[in-house]
Every structure is written in C-alpha cells, then in structure tokens.
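# Working through the structure, step by step
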Amino acid sequence: MAYTLNHLKTLEAESIYVLREVAAQFQNPAILFSGGKDSILVTYLAYKAFYPAPIPFPLVHIDTGHNFPETLAYRDALVKKMGLKLIVGSVQESIDKGRVAEEKGYNASRIRLQTVTLLDTIEQYKFDACIGGARRDEEKARAKERFFSHRDEFGQWDPKNQRPELWNLFNGRMFPGEHFRVFPISNWTELDVWQYLAMEKVEMPSLYFSHKRRVFCRDGVWLAESPYVPMKPGEIAEERIVRFRTIGDMTSTGATFSTATTMDDIIREVAASRTTERGGRADDKRSETSMEDRKKEGYF
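Residues numbered from 1 in each chain as written. Predicted model: local features only at pLDDT ≥ 70, side-chain atom pairs only at ≥ 80, totals over all residues. Heavy atoms only, no water.

## A word on the nonpolar core
Among the nonpolar cores identified, the biggest contains 58 residues, and Phe148, Trp194 and Met204 are the most heavily contacted of them. Within the residue set of this core, elements represented by two or more residues are helix H1 (5-25), helix H2 (37-50), helix H3 (69-82), strand S4 (129-131), strand S6 (179-182), helix H6 (190-199), strand S8 (221-224) and helix H7 (263-272). It is H2 that contributes the most residues to this core, eight residues altogether. Grouped together as the second largest cluster of nonpolar side chains are 14 residues, Ala30, Ile87, Val91 and Phe127 included. (Core = buried A, V, L, I, M, F, W, Y, C linked by side-chain atoms within 4.5 Å. Buried < 20%, exposed > 50% of the residue type's maximum accessible area, 1.4 Å probe, protein only. Helix = DSSP H or I, 4+ residues; strand = E, 2+ residues; numbered from the N terminus.)

In structure tokens:
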C-alpha cells in the first residue's frame, strides 16, 4: 500500500519539534501511556526525537485495575525493550485510601476515577509537563486543545483560557503548582496514525487485530465479557470475530466487528469508516459533554 510520505514526514517533524520543545522548556516531563496506538506513537516519536540518547521522560500509566491483560503485557514488553522507566498510578490504591468512591451497579466504571489518581501521581512526582496522545479529530472537546495545554494548581483545564500558539511558538511559563499537558500529535488523524505506524513497522498490541472473543451488546456497544462487567438479565455473551479501534478500560471499550488481520487491512477499514474510533466508547455516551467535563476536572 502506498503511503503519503511527504504528509506523514511533515507530521512527524512537527511532533518531534514539540517533543524537543518539552525537553527544552520543562524540568520534569513524563509521557502518559495508556497502551493504545496514540501513546505508542508518541513514545516511538520520542525515541526518534532523542536518538541515540534514551527517551528522557518516564512513562506514566494510570492503571484502573480493569485493563485488558494484552495491554499490560504489551506495556511491560515495550518498557523492557526500550529500557524505559515506568511509573504506575493505581486507581485501586486510590479507592483503598478513600480518595475516590467506586461506582456501583451494572454500568459502574473506573474511567472518571482515573482523574484523581492521575493528579495524585503528578503531584507525587512533581511533573511539570505530561505528554499525551490526544488528537483533535477524536472528539469535540479535544478539538479545543492547544499543543501546550495549561492546567491550574488544581490540575483543571479551562478551554476559554488557553494561550495562543502563533507560528509554533509555545509558552510553557507557569506558576508553582501548575503544569501543562502537551499533545504532540494534535494534528494527526486516525488514518495518519495507522499509515505512519505501518510505514515504520511498529509492533502493535494484538487487540487491534481481528480475533475471536466473547462479547455482549449493551446500549449498542459490544463489550468484552469480563469479571469487571456484570451482565444484566437478558444479556448473552457470544463468540464473535472482533477487534478494538481504541484501547481503554474493559468496562467501557467497545469492540468492532472486523476481519482486519494486518496493518494494511486496518488502514483500508479506517479509510472507509464514517465513525470515529471513540464511537464505541461507552464512557463517552454518558452525556454529550462527558469528555469535556472530565477534562475540566483534570482528565487526560
């Protein structure tokens, strides 16, 4: 499959420039790593940005305790392969300490609880910049983000109080206690991400490729059968051939019926799709502003 080389190289150069700006402007940055394709891309771009030196940032993973086992296995293998430092913030630990209260019921999720764990981790390690893999095409709240997204001393985001970024000049100045979220791949699309990862032959988690899995349908979203998601009366799990376009908490990440077994298959599928990859995320369906509300509280 032919790739739009010039376009992808332009995006790569922009992202590497942003990553090097982070290293130049901040004292203690980190990469927020979920194990999904976007955080994998950011980590790979950081590898290229600072090669032959090692990546100068640790990976920070906020573990809900309800992750796909395949995600954790991929994370640990990548950390070992690249010789990276991994910091894990545990939502279960936040629950045990009484920092957050676990939701109850069939639709319980730990997605919103991640915010407190993330902010506690940032405070514990004194990170002044957290690099994430959010893209503007994903969701309308994320379309409002700058490359350097300011957070106040409470870790909160004000979409109406962000700094201009003319001519790719980034202002990382802040008061004590504040920090920035940085999004180097803001201008990439889902298709760009897959084309680039395929071009660079980056190994990806098996969850992204079609496989047999027991799933059940809830409110139009096909969820993986797991001990973390109690099924309601009448819900029946069945074995289907599926893959995941986005990887998150098992309680909210919807599967897609697909026969895509290679990167090129995924690229063709994404190019023909008329829904974003977050179209199957149950956590985004709680309200029309669920993502923006979580971001204002300090979410990714």
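That was the structure; now back to the text.
## Topic: the sheet that holds strand S9 (residues 238-243)
What links the strands of a sheet is backbone hydrogen bonding, and the strands pair in either a parallel or an antiparallel sense. An order of S7-S8-S10-S9 is seen for the four strands of this closed barrel, with the pairing classed as antiparallel. Across the sheet, the axes of successive neighbouring strands diverge by a mean angle of 70 degrees, strand direction being ignored. Judged from the five bridges that link them, strand S7 (residues 211-218) and S9 form a sheet pairing that is antiparallel. Within S9, the position partnered with histidine 211 by the bridge is valine 242. (Pairing = 2+ DSSP bridges. Axes fitted to C-alpha atoms, helices over the stretch in contact; angles between N-to-C directions.)

## Details of the side chain of aspartate 249
Topologically, aspartate 249 is positioned in the loop between S9 and strand S10 (254-257). No salt bridge is formed by the buried aspartate 249; its nearest oppositely charged neighbour, arginine 110, is found at 6.4 Å. Looking at aspartate 249, its side chain comes within polar contact range of the side chain of threonine 64, at 2.6 Å. Contacts of aspartate 249, omitting those with residues within four sequence positions, involve Thr64, His66, Arg110 and Ile111. (Lys, Arg positive; Asp, Glu negative; His and termini not counted. Salt bridge = Lys/Arg side-chain N within 4 Å of Asp/Glu carboxyl O. Polar contact = N/O pair within 3.5 Å; in protein donor to acceptor, adjacent residues only side chain to side chain. Contact = heavy atoms within 4.5 Å.)

## Quick notes on unusual backbone geometry
Of the consecutive residues tyrosine 51 and proline 52, the connecting peptide bond is found in the cis state with omega at 10 degrees. Mapped onto the fold, proline 52 is located in the loop between H2 and strand S2 (59-63). Here lysine 126, not a glycine, exhibits a phi torsion of approximately 60 degrees, which is positive. Looking at where lysine 126 falls in the secondary structure, it is placed in the loop between helix H5 (114-125) and S4. Exposure remark for lysine 126: the relative accessible area of 52% places this residue in the exposed category. Positive phi, normally seen in glycine, also occurs at lysine 201, with a value near 55 degrees. With respect to the helices and strands, lysine 201 occurs in the loop between H6 and S7.

## Considering a nonpolar patch on the surface
The grouping of Leu166, Trp167 and Leu169 at the surface amounts to a nonpolar patch, some 430 Å² of accessible area in total. As for its position among the elements, tryptophan 167 is in the loop between strand S5 (148-151) and S6. (Patch = residues over 30% accessible without salt bridge, like charges linked within 9 Å, V, L, I, M, F, W, Y side chains within 5 Å. Areas by Shrake-Rupley, 256 points an atom, 1.4 Å probe, with all protein chains shown as cover.)

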